[in-house]
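# Inside the fold
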2 protein chains.
Amino acid sequence: MIGHIKNMAEVLKALGDEKRLKIIKIFASNNNETFCVSDVANQLDISQPATSQHIKILKNIGILEENRRGFRVFYKINSDVLAEYRNDIDELFKTTFEKCQYNFSCDKCPYNNKSLSEKSSNAY
Amino acid sequence: MIGHIKNMAEVLKALGDEKRLKIIKIFASNNNETFCVSDVANQLDISQPATSQHIKILKNIGILEENRRGFRVFYKINSDVLAEYRNDIDELFKTTFEKCQYNFSCDKCPYNNKSLSEKSSNAY
DNA sequence: AATATGTATAAGAGAATGCTTATGCACTTA
DNA sequence: TAAGTGCATAAGCATTCTCTTATACATATT
């Protein structure tokens, strides 16, 4: 549960891009590891580095997990994180009309995760 | 129901900003029209024009409705649109692992709303 | 009508974003 | 060990975003 406006904004922003949403769906249908990064790049009609950069953003919020197979890298969805965000966002909508307990002083809010990238195995 | 990646990205992007999320919550608690635009600007510690620009983005996706009272303007949440987006986003998560029927050719998808701003009474 | 108040729009500056090409890195294979 | 393959990172560029100040617009008040 992140439940905090600042973090929610970060997640929503990461998801708020057409190509990244497509990347998620492509990797979601990637159970047999059919698509590697270059395949996705072709599907999206952008370069491989551009694809890697989008993937990085999705890894940073923990939604994608790396799975290297030789010199190819496959990605899959972290279902737990996905489910968590699904809940958090729904909660955000559900509590829209409830007053913020900390009056938007995000720094004082216990739900304020310093960095969402801690969810990522590639946290630095 | 928008149910389309391209439109979903637009909505998520509009919501993917800390200040805009705060604006939503502030206006959500604005039943008695306590806060006008300038009040919100003060709360967010940005200028009034910056606030108006954020509001415009939220109006464009239909989440905010204008209510002019004299020379002040108050805003309130359009609960129907909010509920719709809540559903759409939840659907997006729920169907993450389902294959896109149109193989991401958004132009062919019947759910592809040309412009979300049609939801706005200020559509142009 | 003239003035006052509050909001929206315009214009411009600086930061952030998303792309490209070039290159380095990880791993495989001959 | 050397060459090949695919991904990540670096650097640079164009575009978009978010802010500011200045100004136009809408409404109320005197």
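Here's what I pulled together on the structure shown here. (Residues numbered from 1 in each chain as written. Chains lettered and ligands numbered in written order. Predicted model: local features only at pLDDT ≥ 70, side-chain atom pairs only at ≥ 80, totals over all residues. Heavy atoms only, no water.)

Another aspect to go through is the protein's contact with DNA strand C. Close contacts around DNA strand C come from 26 residues, with Ser47(A), His54(A), Ser38(B), Ser52(B) and Tyr75(B) the closest. When atoms of DNA strand C within 4 Å of the protein are split into backbone and base, the sugar-phosphate part holds 64%. Between a phosphate oxygen of DNA strand C and a side-chain N or O atom of Lys13(A), the distance comes to 2.6 Å. The set of elements that each furnish at least two residues to the surface near DNA strand C consists of helix H2 (18-28) and helix H4 (48-60) of chain A together with helix H3 (37-44), helix H4 (48-60) and strand E2 (72-77) of chain B. (Near = heavy atom within 4 Å. Polar contact = N/O pair within 3.5 Å; in protein donor to acceptor, adjacent residues only side chain to side chain. Helix = DSSP H or I, 4+ residues; strand = E, 2+ residues; numbered from the N terminus.)

Our focus in this paragraph is the pairing of strand E2 (residues 72-77) of chain A. Summarising the sheet, strand E1 (residues 64-69) of chain A and E2(A) pair through six bridges and their orientation is antiparallel. Considered in E2(A), the bridge of Arg69(A) is made with Arg72(A). (Pairing = 2+ DSSP bridges.)

A few words on the nonpolar core. Within the largest apolar cluster, 61 residues are counted, with the highest numbers of intra-cluster contacts made by Leu15(A), Ile63(A), Leu64(A), Leu15(B), Ile63(B) and Leu64(B). For Leu15(A), the contacting residues outside a window of four places in its chain are Leu21(A), Ile24(A), Ile61(A), Ile63(A), Ile89(A), Leu12(B) and Phe93(B). (Core = buried A, V, L, I, M, F, W, Y, C linked by side-chain atoms within 4.5 Å. Buried < 20%, exposed > 50% of the residue type's maximum accessible area, 1.4 Å probe, protein only. Contact = heavy atoms within 4.5 Å.)

All right, on to the relation of the copies chain B and chain A then. Both copies of the chain are related by one operation, a rotation about an axis with a shift along it. With an RMSD of 0.0 Å, chain B superimposes on chain A once it is rotated by 180 degrees and translated 0.0 Å along the axis. On this basis, the relationship between the two copies can be described by a two-fold rotation axis. Of all interface residues in chain B, 100% are interface residues in chain A too; the two copies therefore contact each other through one and the same surface. (Least-squares fit on C-alpha atoms with pLDDT ≥ 70 in both.)

Counted according to the given criterion, the structure contains 10 salt bridges over all chains. We note a salt bridge from Arg86(A) to Asp90(B), for which the minimum N-O separation is 2.9 Å. Here Arg86(A) is found in helix H5 (residues 79-94), whereas its partner Asp90(B) is found in helix H5 (residues 79-94) on a different chain. Put simply, Lys22(B) and Glu18(B) hold a salt bridge, and the shortest N to O gap is 3.2 Å. A residue pair is termed a helical-turn pair when its members lie 3 or 4 positions apart in one helix, as Lys22(B) and Glu18(B) do in helix H2 (residues 18-28) at four residues. (Salt bridge = Lys/Arg side-chain N within 4 Å of Asp/Glu carboxyl O.)

With that settled, consider the protein's contact with DNA strand D. The environment of DNA strand D is made up of 25 residues, and the closest members are Ser38(A), Ser52(A), Tyr75(A), Ser47(B) and His54(B). For DNA strand D, the backbone makes up 64% of the atoms found within 4 Å of the protein, where backbone means sugar plus phosphate. Between Arg72(A) and DNA strand D, the recorded distance is 3.4 Å, taken from a side-chain N or O atom to a phosphate oxygen. One of the side-chain N or O atoms of Ser47(B) is found 2.6 Å from a phosphate oxygen in DNA strand D. When residues of the surface near DNA strand D are traced back to their parent elements, those giving at least two are helix H3 (37-44), H4 and E2 of chain A together with H2 and H4 of chain B.

This part is about the packing of aromatic side chains. Residue and element names in this part refer to chain A. Taken as a whole and assessed by the stated rule, the structure comprises two aromatic pairs over all chains. Aromatic side chains Phe27 and Tyr75 sit 5.5 Å apart centroid to centroid with 50 degrees between the ring planes, which places their arrangement in the tilted category. Here Phe27, found in helix H2, pairs with Tyr75, found in strand E2; they are 48 residues apart in sequence, far enough to count as distant. Tyr75 gets classed as buried once you look at its relative accessible area, which sits at 9%. (Phe/Tyr/Trp six-rings, centres within 6.5 Å; stacked < 30°, edge-to-face > 60°.)

Distances and angles like these do not, on their own, reveal function.
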